[in-house]
Structure formats: structure tokens, C-alpha cells
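The lines below spell out each chain.
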There are 2 protein chains.
Amino acid sequence: MKTRRSERLIDMTHYLLEHPHELISLTFFAKRYESAKSSISEDLAIVKKTFQQRGTGILDTLPGAAGGVIFVPTIRPEDARNYIEDLAARLSEQDRLLPGGYVYLSDLLGEPELLKQVGRIIAAKYLGKRVDAVMTVATKGVPIAQAVSYYLNVPFVIVRRDSKITEGSTVSVNYVSGSSERIEKMELSKRSLKRGSRVLVVDDFMKGGGTINGMEGLIEEFEAELVGVTVFAEAKFKGKRAVTDYTSLLFVEDVNTQTKTISVVPGNYFSE
Amino acid sequence: MKTRRSERLIDMTHYLLEHPHELISLTFFAKRYESAKSSISEDLAIVKKTFQQRGTGILDTLPGAAGGVIFVPTIRPEDARNYIEDLAARLSEQDRLLPGGYVYLSDLLGEPELLKQVGRIIAAKYLGKRVDAVMTVATKGVPIAQAVSYYLNVPFVIVRRDSKITEGSTVSVNYVSGSSERIEKMELSKRSLKRGSRVLVVDDFMKGGGTINGMEGLIEEFEAELVGVTVFAEAKFKGKRAVTDYTSLLFVEDVNTQTKTISVVPGNYFSE
């Protein structure tokens, strides 16, 4: 059954959103909708224009016999900024302050809408860079890694501090935990990362950067390549950080346990 | 600027897919597209028909002044079955067998496409049931909980075996770990779950059901309500399981460490 343009546009939009960063041939759509390639081309031009106008993303067209389209999700810089500013206000809520000056984040990192936006914002930072895998450390980094992985359409791998038998053989490194200055160990399942992979590291929170530094060490052990580091939030840190080149969405500027106030502002994502 | 129907359909599809289970008023769309409500109604009728034909989901229409539409993602039973059968074949791959008869799953649980499908399949099981939160235990259950949470558009909470200071006050329970028969402890941040919440429990793997049983205990402690339990895979278990009422997508029928073979078939999701 031939489809009408309106139906094609709806289903095509769905299909493209579900398959970001994937080359989809005109032939695929022509078959799916039993329509001429010329009609499909016209459909895609409309989708492209609408995605651009609404800030949904870029629809790249590759001409030729092996050609097709690739949907690259993006976010308008002003939308990203507004979203992060709202988040900064939420993080500054007084009742998030925990003993020891920690900030409670677990509820936020379980909200699907927040994770989608954060994933989209982080992914948009690496537009045009090849990323083969997203890496994070268990447990709280996992939701962020998964969110980014959805938008980049690449797998994510989870580094663990307590490896389980269900991981099989692992490769481990030691690292200096910034907050406690202890030597700790982290491991990654041997078969989870191919040599030469280009890896994006994400995490929920960074203080001294010791954990991130450990992941960088693991990437070296796997003979893989670091594409970049982005954290959801960074805290102020006295002394020298173990990581200097990173992006943060939020910056916990000040925590005052006496007045019970937290001050959170947008991170360096916006200052570069 | 008034929009054309084609543009509206594309952006509306995107918006609905991003906001499942959310009541969206006709007024919202009418403003967003500077179009008459009658046009919006016509658009939504086309979206509804296409979503239905393609098995994308149900677009529920609520009439009246407070009305609007709610998009409920679904999956066609035959699509779910085909997908799970393919997964069973992948899980049966010989090189997934780990010492002790464990099955390596970590790579699969880091694939965005797989997680999307699994999230959609699990969410479809609870159509028409109110779910306020998805619960899982760290670490490997997290990707599944997040995937389900995206489709149900409700938050997920992570139970931990090793609570961190960053969780604030917690409520803990003891449980019997099925595989080792040891008494263990799991905890959940006190503020992560409201009293009376209706909770869906998910996990990656179930053997004796001790961990799931522990989560059920936590739900009681929080005076919350259990909606159901779904696991990605269940293993054969000799003896009495701590949990009897559950759904599994996959069933690890047999693991033979001598012949190094694993036999995985679809779980009871399809036999109910």
C-alpha cells in the first residue's frame, strides 16, 4: 500500500529520531513507504527544514548511489543555556545540602526529562567528532552515560570499583581518589572496549578529578583514545586538579554548611 | 508565523515522542503552531492513525475543555517477540559463557538500540496500570530502569548495596542473597520515594530472586505499593524462589560449562 505524504512524514520523523547518527538510504525509505525516491527526497527536505527551524537537529544529506541521510541531534545554544540555568536554580535548593558539604543529586539523575536534555546537551558538544563509546564509572555516572549514548547512538561502558564475576576478565588501574587521597582501584571488563576506540568520558560529579584521571588511565591501558571529558557538575577545588581539560554543565561555586546555602551556576560548557 | 500542516506533523510527532504519558492540550499545540484548534485536531487524527498503523503507540484523545492528547508508546506483540527471539540467539553465543556458569551481558546492556527496545517492551507490559516510579538495584539494573523510565515518563530510583554519603539518609533492609545464601543489606535514599508510590521493579538478571525480594521489602518499608516485577533474563533455579510473581523477557534454560553451550529462549513475558 502506497502511503500518503503526511503519514510518511510522521513515520520518517519517528524513524530518524530513533536512529541518530545512522546513515539511512533513500532506498530504505522508498521501500518502507512504497514510494518513489523523488517523493522521499521531497519529504526529507521538509523534515530537514522543520528540524532546523525547531532546533531538533541537522539532517545531513549524502548524495550518490551510496548516499542517504544522517540525523544529528543538536540543541540551540540558547535552549541549552536556559535549561542549565533552570537546573542551576534547582541544584541551589537549600534542602539539597548534605552533611560534609555534599549536594544531593540522586533524584535529578533519575528524571527522564532531565536526562534527555542533559544527554542532548553533552552530545551536542561533540558534533563532528567521531565517538565510538561513552565511558563512565558506576553508579551515578551510568544514567548520564546512557543518556549521551542514546543521542550519539554508540554503546556505553561502565567502569567499576568492585568488579563482579559477571564481568569476566577485567583490566584494572589504580588511581588516587581526590577527596580521600587514598589509592583505589577501578576495572573494566576486557571485552567491553576495542583497541583504538575513541572514547568520551562522562560522570556526574567532579571534585579533584581523581576518578576521571583513573578512567583516562584505563583508556590508555585499552590502547584507546580519549575524545573528551564532560561532567554534569563540578565542585570548587583547592589545589591542583588531576584533570585540566574537561567540560562541566554546572559549577557548584559555593557550599556553606553554616548558613545552609548552596550556590550553583552554569559550568564552563558555556564559557568556551 | 503560521505553520503548514507538514511542518506541524513533523514537530508534533517529535514533541509527542519526547513526552509520553503526558496530557498535552490542544491549546498548547494551537499556540505552538499559531494554528486553529480545528487544524490541530485534524493533524492529531493523522498522527493517531499513523502511530497505530506502524505500531508506534496509542494516541488517546480526551475531549472537553481540560482535554487533549496522551501518547502511550506500545509495541506490536509480534515485533516484541521477534526482537526477543533475536536477543535469545545473541545470548546463546558460546563466548558469553563465564566461569561459574554466568552469562556475560554487560555489552548488551550498554547498547542504546537494545535498551530502547527492551524499555519499550517492558513498559508495554504495564499499559493502563499507574506507575509512579521504577526501582532497580545498582549497577546492572540501572540501564534497564532508565530505559523503562523513558517510555513510562516517570523517575527511576536506584537501590544500593553500598550506600554513599551522597545519598543522604537512607532506609535499609536485610535480604538473603539467593546465590550465596548470605544475609546482605540494601538501602535506598529516604527522600527518593514518596509514601504511597506505585513502584515497578526491574532488574537485569534473576536467579533465586533474593535481590528482588529485598526490593519488595524496601517498598514495604517506604509504605509504597508494588505494581510488578520484570527482569531482563531469568536463570533456571533449583529450589524455591523468593519471588513467584514476575515477568522475564528471556530464560536461560541451560548452561553447560563442559560443552560450553548456553541455551536461551524467550521468557514468560510471552506465555502469559
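Residues numbered from 1 in each chain as written. Chains lettered and ligands numbered in written order. Predicted model: local features only at pLDDT ≥ 70, side-chain atom pairs only at ≥ 80, totals over all residues. Heavy atoms only, no water.

Caption draft 1: A look at the overall build of chain A. Across its full length, chain A carries seven helices and 13 strands. Across its three principal axes, chain A shows a C-alpha extent of roughly 65 × 45 × 30 Å. Out of the 272 residues in chain A, the part that is buried amounts to 56%. Accessible area for chain A stands at about 11,900 Å²; split by element, carbon and sulfur atoms hold 48% of it. Counting 36 positive and 35 negative side-chain charges, chain A places the centres of these two groups 3 Å from one another. (Helix = DSSP H or I, 4+ residues; strand = E, 2+ residues; numbered from the N terminus. Buried < 20%, exposed > 50% of the residue type's maximum accessible area, 1.4 Å probe, protein only. Areas by Shrake-Rupley, 256 points an atom, 1.4 Å probe, with all protein chains shown as cover. Lys, Arg positive; Asp, Glu negative; His and termini not counted. Charge placed at Lys NZ, Arg CZ, Asp CG, Glu CD.)

Caption draft 2: The arrangement of the packing of aromatic side chains in detail. The full count for this structure, using the stated rule, is 13 aromatic pairs over all chains. Relative to tyrosine 33 of chain B, the ring of phenylalanine 29 of chain B lies with its centre 5.9 Å away and its plane at 10°, an arrangement referred to as stacked. Judged by relative accessible area, phenylalanine 29 of chain B falls into the buried class, the value being 0%. Tyrosine 33 of chain B gets classed as buried once you look at its relative accessible area, which sits at 1%. A connected cluster of aromatic rings, assembled from ring pairs, spans Tyr15, Phe28, Phe29 and Tyr33 of chain A. Over the face of the ring belonging to tyrosine 102 of chain B we find lysine 207 of chain B, whose NZ or CZ atom lies 4.4 Å from the ring centre. (Phe/Tyr/Trp six-rings, centres within 6.5 Å; stacked < 30°, edge-to-face > 60°. Lys NZ or Arg CZ within 6 Å of the ring centre and 35° of its normal.)

Caption draft 3: Expanded view of the nonpolar core. Judged by nonpolar contacts, the single largest core of 90 residues is most densely connected at Phe232 and Leu250 of chain A together with Phe232 and Leu250 of chain B. When near neighbours in sequence (up to four residues on either side) are disregarded, leucine 250 of chain A contacts Ile84, Leu87, Ala88, Leu91, Phe232, Ala233, Glu234, Val264, Val265, Pro266 and Gly267 of chain A. Formed by 34 residues, the second largest nonpolar core is a distinct cluster that contains Met12 and Leu44 of chain A together with Tyr15 and Phe51 of chain B. (Core = buried A, V, L, I, M, F, W, Y, C linked by side-chain atoms within 4.5 Å. Contact = heavy atoms within 4.5 Å.)

Caption draft 4: Molecular detail of the domain arrangement of chain A. All names here are of chain A. Domain boundaries in chain A define domain 1 (5–73) and domain 2 (77–266). Taking the mean C-alpha position of each, domain 1 and domain 2 sit 33 Å from one another. Between domain 1 and domain 2, roughly 560 Å² of surface is buried when both sides are summed, and carbon and sulfur atoms account for 52% of that area. By the criterion of area lost to domain 2, the three top residues of domain 1 are Pro20, His21 and Pro73, representing 63% of everything that side buries. Seen at the junction of domain 1 and domain 2, the total is zero salt bridges. For the interface between domain 1 and domain 2, the tally reads three residue pairs in polar contact (both at pLDDT 80 or more). Looking at the side of domain 1 that touches domain 2, its residues break down into three nonpolar, four polar and one charged. (Domains from an automatic or database assignment. Buried area = accessible area lost by both parts, 1.4 Å probe. Salt bridge = Lys/Arg side-chain N within 4 Å of Asp/Glu carboxyl O. Polar contact = N/O pair within 3.5 Å; in protein donor to acceptor, adjacent residues only side chain to side chain. Nonpolar A, V, L, I, M, F, W, Y, C, P; charged D, E, K, R; others polar.)

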